[in-house]
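Next come the chains, spelled out residue by residue.
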Amino acid sequence: MTKSHFARLAVLVLLLSPNLFASAEDLSGKWSGTFVISMGENPPRDDTAYMVATHKGADLTGSIGPNENEQFPILKGKVATVKESGKDVTKVSFDVQPENGPETAHVELTMVDGHLKGKLTAEHEGQKISAVLDLARIK
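First things first, this report covers the structure right here in the doc. Here the structure is a predicted model, which means the values were calculated and not measured.

**Brief notes about the side chain of Asp95**
- Here Asp95 lies in strand 5 (residues 87–96).
- Of the polar contacts made by the side chain of Asp95, one reaches the side chain of His106; its length is 2.8 Å.
- Here Asp95 is in contact with Pro73, Ile74, Leu75, Lys76, Thr104, Ala105 and His106, once residues within four sequence places are set aside.

In structure tokens, the structure reads:
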């Protein structure tokens, strides 16, 4: 095979494989949903979550909180596309530091059927805190 044949074949493979270099879906925008929090022995408590995100490359910035008026900055936000069961899956991770709340909380989300779903983990005054999030993009 000559170099020109190899080059043509390489270009053809790239054109026929659009997912080869697929990047994560753009997550920029406003997201709203549920936040079910558990602290120690207390029963889970339902609340709301509201996120404003800016997604550029592998970085995620913005804010998150219980509503549009009470927001805390997203820290160390990262977005990645990983292979799971042969499919591309968008994963998000970031930290958040609520005022008068726990130490820095860590959030891990996965894009599932158009929703960002996952969990928050933190500790406050020796008590473990966990929450389940389900966020949908606001149209």
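And the narrative resumes.
**A look at the sheet that holds strand 5**
- The sheet built from 8 strands closes into a barrel, its strands ordered 1-2-3-4-5-6-7-8 with antiparallel pairing. Strand after strand, the sheet turns through a mean of 30° between neighbouring axes, direction not considered.
- In terms of strand pairing, strand 5 meets strand 6 (residues 105–112) through 6 bridges, oriented antiparallel. Bridge pairing links Val92 to Leu109 in strand 6.

**Focus on the environment of Ser38**
- As for its placement among the helices and strands, Ser38 is situated in strand 1 (residues 29–39).
- Residue class for Ser38 comes out partly exposed when judged on its relative accessible area of 24%.
- For the pair Ser38 and Thr121, spaced 83 residues apart in sequence, the C-alpha to C-alpha distance is 9.8 Å.
- With near-sequence residues (within four places) excluded, Ser38 lies in contact with Pro44, Lys128, Ile129 and Ser130.

Procedures and definitions
Residues numbered from 1 in each chain as written. Predicted model: local features only at pLDDT ≥ 70, side-chain atom pairs only at ≥ 80, totals over all residues. Heavy atoms only, no water. Helix = DSSP H or I, 4+ residues; strand = E, 2+ residues; numbered from the N terminus. Polar contact = N/O pair within 3.5 Å; in protein donor to acceptor, adjacent residues only side chain to side chain. Contact = heavy atoms within 4.5 Å. Pairing = 2+ DSSP bridges. Axes fitted to C-alpha atoms, helices over the stretch in contact; angles between N-to-C directions. Buried < 20%, exposed > 50% of the residue type's maximum accessible area, 1.4 Å probe, protein only.

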